[in-house]
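Listed below, chain by chain, are the residues.
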Amino acid sequence: YKTSHIIFSLLDNLKPHNELESLKTLSQCLKTDKPELIFYMISQRLRDLIKARDLGAKGLKTSPWQINKLIKQSSKFTLDKLTLLYNKLLIIDYEIKMGISLMPLPWHLDLLLMDV
């Protein structure tokens, strides 16, 4: 399965006060990628940003260019904000899997991006 390049733009655009651009990019992503893949990729990115913000380069096991990119992106957030977003992902995951949520996953992703 090949991932569209747009999803990486979405991940790179995760930063405070960039809601409109993130929502536009998410809309494009949903045309080519499944919401579950987008959810997974966002959760991976947030996990990496938490590591970068908390531990710096020593907490990341990836290429040097990607480490620099993650550290720069994580500097736009507080650690509390990143953990809050990650906790929201956990709640979304639980509610979707347990059938508690009345709304579909793309709706939850929209709301999550509004909180970034």
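Up top you'll find the structure we're talking about.
These numbers were taken from a predicted model, which means no experiment stands behind them.

(A) Fine view of helix α2 (residues 19-32). Compared with the 20 Å implied by 1.5 Å per residue over 14 residues, the 20 Å span of α2 between its first and last C-alpha is a close match. Those residues of α2 lying buried are Ser22, Thr25, Leu26 and Cys29. Taken end-on, α2 shows its buried residues confined to a sector of 110°, consistent with a single buried face. In α2, those exposed residues whose orientation departs by more than 90 degrees from the buried face are Leu20, Lys24 and Lys31. Of the surrounding secondary structure, the elements contacted by the buried residues of α2 are α1 (6-12), α3 (35-55) and α6 (105-115).

(B) Summary view of the nonpolar core. In this structure, Leu10, Ile38, Ile42, Leu46 and Leu109 are the most contacted members of the largest nonpolar core, which totals 29 residues. Looking at this core, the elements that each hand over two or more residues are α1, α2, α3, α4 (64-74), α5 (79-98) and α6. Counting residues per element, this core draws most heavily on α3, at nine residues. Discounting chain neighbours no more than four positions away, the residues touching leucine 10 are Ser22, Thr25, Leu26, Cys29, Ile38, Ile42 and Leu113.

(C) Up close: unusual backbone geometry. If you check the backbone angles, histidine 17 has positive phi at about 65° while not being a glycine. Inspection of the secondary structure assignment puts histidine 17 in the loop between α1 and α2.

(D) Inspection of the packing of α2 against α6 at higher detail. For the pair α2 and α6, the least separation of the axes is 9 Å and the interaxial angle reads 160°. Judged by the angle between their axes, α2 and α6 are roughly antiparallel. By crossing handedness, the relation of α2 to α6 is classed as right-handed. Counted together, Glu19, Ser22, Leu23, Leu26 and Leu30 of α2 and Pro106, Leu109, Asp110, Leu113 and Met114 of α6 form the full contact between these two elements. Its residues placed into classes, the contact of α2 with α6 shows seven nonpolar, one polar and two charged.

(E) Focus on the environment of leucine 85. Mapped onto the elements of the fold, leucine 85 is located in helix α5. By relative accessible area, leucine 85 is classed as buried at 1%. Distance from leucine 85 to proline 104, taken between C-alpha atoms, is 18 Å for residues 19 residues apart in sequence. The residues contacting leucine 85, other than those within four sequence positions of it, are Leu46, Phe77, Leu112, Asp115 and Val116.

Conventions we followed
Residues numbered from 1 in each chain as written. Predicted model: local features only at pLDDT ≥ 70, side-chain atom pairs only at ≥ 80, totals over all residues. Heavy atoms only, no water. Helix = DSSP H or I, 4+ residues; strand = E, 2+ residues; numbered from the N terminus. Expected span 1.5 Å × (residues − 1). Buried < 20%, exposed > 50% of the residue type's maximum accessible area, 1.4 Å probe, protein only. Arc of directions from axis to C-beta. Contact = heavy atoms within 4.5 Å. Core = buried A, V, L, I, M, F, W, Y, C linked by side-chain atoms within 4.5 Å. Axes fitted to C-alpha atoms, helices over the stretch in contact; angles between N-to-C directions. Parallel < 35°, antiparallel > 145°, perpendicular 65-115°, else oblique. Left-handed = near helix turned anticlockwise from the far one by under 90°. Nonpolar A, V, L, I, M, F, W, Y, C, P; charged D, E, K, R; others polar.

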